[in-house]
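Residue strings, one per chain:
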Amino acid sequence: MKRMNVKRKLFTYIVIWSVFLSSLLLYSPETNVLSASGVPEITMNTPDEGAVLNVSTVEFTGKISSDSTAPEQLTIKVFEQLGDSEQPKDITLDGKLSIKPEDKKADFAYSRNFSEGAHTLTFFVTDKDGVSNSIDQSFTVKSAEPERKIVAESAALNETVTPSQPSTNEESSTSKPVAIQTSTEEIGNRPYMAKMYLAPKGSEKLYNPANEEKDWTKDGFLPAEDMTRVPVGYQIVIDIRSDASLSSTQPLITFFGEQGKDGEKGKEKLINTFDISNDIKSFVYTFTPETKLSHRTTYYIYLNPNIANDSGKIIPRFLKFTTVSPDHQDERDFSTEPGMKLADIPDHKRSLDFNIHGNYSNVTNACQYCHSTHNGKNESLEGGTFGNEENLCMTCHDGTSGSQIGPKVVEHKETLKTNQHNQNSSSSCTSCHNPHTQGTLENPNSFKPVSTTDSHIRTYKKASTAAGKADEFSLCLSCHRGNAVEKGDKPASDINQYYSKPHINESLHNIKATEDSGSTLNGQLPCAECHETHGSNNSKMLREELGNVKLKAEDKFKTTGSTWTASDERKFCISCHNGSTVLYGKTGQLSEKDAAGDPITGHQKEDKQGCSSCHGGTSNSAIEAAHAPKRASQ
């Protein structure tokens, strides 16, 4: 009997050890997941890992759950690894995310448009205690046709931000979690401005937008944005793209003229229509001022934001250009017809490129306007005909014999101390410009090189040409990188940091323009969206007409005094975040309630705190809230 019990025990031990060893040998990390206690779980249903898809809009579905957190309190974030970037980009609010709680788990779905090629996403689920888990999903989009009917709004200008919503890695145990909400807008093929040129009268019929490789400047066409030395006999050519004809009852341009003055009248005319691609047509208009353009004048142009087709309204745009001064160099060197002035000769017909401030020759000495050989006041021998004033450049560029540069800020010096570029004793016009550099189409404003070691010309790109990279705003960032312009000067504010890691990855102003915005922006907002280059009537050189729309006097953004207040900050931010202002296809929002219907602290009309108290990053500073606003994390 004892022998039988021993045999039975031995057999039982062998079975137990066999099962244990088999479980070890059969375990595979690819097919089994060990979950730690208290860690939320996330699984993917569709698409399959490594799937190859023939559509650009990809939808992901899966489940999330947690032993310690109710499913409605779980949050999801989606990140994409972009190229060789060390830090993945948060794309949660670039797409459409929905979470549907059921019992102890929740189903989720996330959809977004993706470019052709391979992609790797990481989905994070976070519980109420800030504990996270993640899963990777790789897929490839192959030969996808873009689906334009619904385009997701970027988090940059369309996010509903709540102070109670936690960040990805840090979540307050006392905060009230809410589901992430996104917004979409049906934009289809709404009209947008593709190009605007300044062109000689009679040449407008030459323009063919289908010929994308052609250099139209050889036919006398000048880019409108920030062009200087524009001949006064020119007209405006505007290329509007749309999938349907535009209304003839709305003017294309709502304002054309000098800033601060009544607009000038002009005649609009549709001169050509071209088929481009995918049912998109190009409608080419001319705008011809009723009176000839004035010399040495800066003209402002605002598109009509009410221009629309069945798919929506046009993205507002604002441009400006400056005409040539009439007598800034010897006409006899260039005139081809009796009585013709240099300013009337189109650039492409001049016999040679010219120095913006004139050439020296046997019959004229343009140098003497600014320099005096024997009576110069400094090492540059300044003190010529126009060299007797404190500011040599402004002797002419106050509008007397040269174009007026910015507002007459001297009228505001006593009340506004930060509305112009004169904060450092050594700052001057020549900090950015070289008065001896000839004006060209590539560098019409005679900007200086980036540095003595970098010969690239400083750039200041705007909506028509900006892609959002730091080197496109080198005119500003050459100084605004926390360095003093000259030894002993107060360092300029460090804005450059917001165009590099980690700020640029976290910034909600780092956006991708919609396809039908007419812009290639895919990065930080250009400086010119908020600031005037030479100065303004506002503190911090801020524009009065934010949003690129011509505004009534009572609707303009205005500051008083030299101190930047919380009230100024709120008015500044709400000028765009008002539910109606559209930049690059994105509509700025300011929701007063969160997804649960509770009021958002700081978003109520009666609130008086500055936006930077929640969106100014760890510094809670206005400068960070404006240039690289963060999601609220408290």
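On a predicted model such as this, the values are computed, not experimentally measured, just so you know. (Residues numbered from 1 in each chain as written. Predicted model: local features only at pLDDT ≥ 70, side-chain atom pairs only at ≥ 80, totals over all residues. Heavy atoms only, no water.)

## Overview of the nonpolar core
The cut-off we apply is this: Residue types Ala, Val, Leu, Ile, Met, Phe, Trp, Tyr and Cys, when buried and joined through side-chain atoms within 4.5 Å, form a set referred to as a nonpolar core. Summary of the burial criterion: residues with accessible area below 20% of their type's maximum are buried, those above 50% are exposed, and those between are partly exposed, where the area comes from a 1.4 Å probe applied to protein chains only. A run of DSSP states H or I qualifies as a helix once it reaches four residues; a run of E qualifies as a strand once it reaches two. Both are numbered from the N-terminal end.
Grouped together as the largest cluster of nonpolar side chains are 27 residues, with contacts concentrated most on M196, L198, I236, I238, I240, F256 and F321. For this core, the element with the most residues is strand β14 (residues 234-242), which contributes four residues.

## Digging into helix α6 (residues 566-574)
How we decide: By definition in these notes, contact holds between two residues if any of their heavy atoms fall within 4.5 Å.
Turning to α6, its buried residues are D568, E569, R570, F572 and C573. Those residues of α6 that are buried are in contact with α7 (612-615) and α8 (622-627).

## Overview of the sheet that holds strand β21 (residues 318-322)
Convention followed: Two strands are counted as paired when DSSP detects at least two bridges linking them. Between N-to-C directions, angles span 0 to 180 degrees; the directions come from axes that are lines fitted to C-alpha atoms, helices contributing only their stretch in contact.
On the basis of which strands lie adjacent, the open sheet formed by three strands has the order β15-β18-β21 and antiparallel pairing. In the strand order of this sheet, the two ends are held by β15 (253-257) and β21, each with one partner. Adjacent strand axes in the sheet meet at a mean angle of 10 degrees when their direction is disregarded. Of the pairings in the sheet, the one linking strand β18 (residues 298-303) to β21 comprises five bridges and is antiparallel in character. Bridged to Y302 within β21 is F318.

## A short note on the environment of T57
Selection rule: Contacts described as polar in this section are N or O atom pairs within 3.5 Å, which, within protein, must combine one atom able to donate a hydrogen with one able to accept it, while residues neighboring in sequence count only if both atoms come from side chains.
Relative to the helices and strands, T57 resides in strand β3 (residues 57-65). Residues T57 and R112, spaced 55 residues apart in sequence, show a C-alpha to C-alpha distance of 5.4 Å. Among the polar contacts made by the side chain of T57, one reaches the side chain of N113 at a distance of 2.3 Å.

## Regarding the sheet that holds strand β7 (residues 105-113)
Ordered by their spatial adjacency, four strands build an open sheet running β1-β3-β7-β6, and the pairing between neighbours is antiparallel. The sheet terminates laterally at β1 (41-46) and β6 (96-102), the two strands that pair on one side only. Between one strand and the next, the sheet's axes are offset by a mean angle of 20 degrees, whatever the strand orientation.

## Let's talk about the pattern of salt bridges
Short version of the rule: Any carboxyl oxygen of Asp or Glu within 4 Å of a side-chain nitrogen of Lys or Arg constitutes a salt bridge here.
Taken as a whole and assessed by the stated rule, the structure comprises 14 salt bridges. Close ionic contact of D226 with K462 constitutes a salt bridge, the shortest N to O distance being 3.0 Å. On the criterion of sequence distance, the pair formed by D226 in the loop between β13 (222-223) and β14 and K462 in the loop between α3 (392-396) and α4 (474-477) is long-range, its members being 236 residues apart. For the pair formed by D226 and K462, the shared burial category is buried. Across the pair R241 and D239 runs a salt bridge, and its minimum N-O distance is 2.8 Å. Comparing R241 with D239 shows no difference in burial state: the two are buried. Linked by salt bridges that have partners in common, K77, D90 and R631 make up one network.

## Considerations on the state of the cysteines
Which entries qualify depends on this criterion: Our working definition of a disulfide is a cysteine sulfur pair at a distance within 2.5 Å.
Across all of its chains, the model carries zero disulfides by this definition. Between C527, a free cysteine, and C476, which holds the nearest cysteine sulfur, the sulfur-to-sulfur gap is 3.9 Å. Among the residues examined, C527 registers a relative accessible area of 13% and is labelled buried. In this structure C611 is a free cysteine whose sulfur lies 3.7 Å from that of C573, the closest cysteine sulfur available.

## Some remarks on the pairing of strand β16 (residues 266-277)
For β16 and strand β17 (residues 280-289), the ladder comprises 10 bridges, and the chain directions are antiparallel. Bridging across to β17, N272 finds its partner in V284. Here β16 folds back onto β17 in antiparallel fashion, the turn holding two residues, of which N278 has a positive phi close to 50 degrees.

## Some words on the pairing of β14
Where burial is concerned, most of β14 is hidden: nine out of the nine residues are buried. The side-chain alternation of β14 yields two buried faces, one formed by Y234, I236, I238, I240 and S242 and the other by Q235, V237, D239 and R241. In this structure, strand β12 (residues 192-200) lies alongside β14, joined through eight bridges in antiparallel fashion. Bridge pairing links A199 to Q235 in β14. Summarising the sheet, β14 and β17 pair through seven bridges and their orientation is antiparallel. The residue bridging R241 from the neighbouring strand is S282, located in β17.

## Thoughts on the environment of K313
In this fold, K313 is placed in strand β20 (residues 312-313). The class for K313 is partly exposed, based on a relative accessible area of 48%. Residues K313 and V582, 269 residues apart in the sequence, show an inter-C-alpha distance of 10.0 Å. Here the side chain of K313 touches N306 through a polar contact of 3.4 Å, side chain to side chain.

## A look at the confidence of the model for the protein
Formally: pLDDT measures the predictor's confidence residue by residue and takes values from 0 up to 100.
Of the residues in the protein, 75% have a pLDDT of 70 or more, and the chain-wide mean is 77. Here residues 144-187 scores under 50 on pLDDT; set against residues more than four positions off or in separate chains, the count is 137 contacts. A low-confidence stretch, residues 329-336 stays under pLDDT 50, and its non-local contacts, those more than four residues away or across chains, total 26 contacts.

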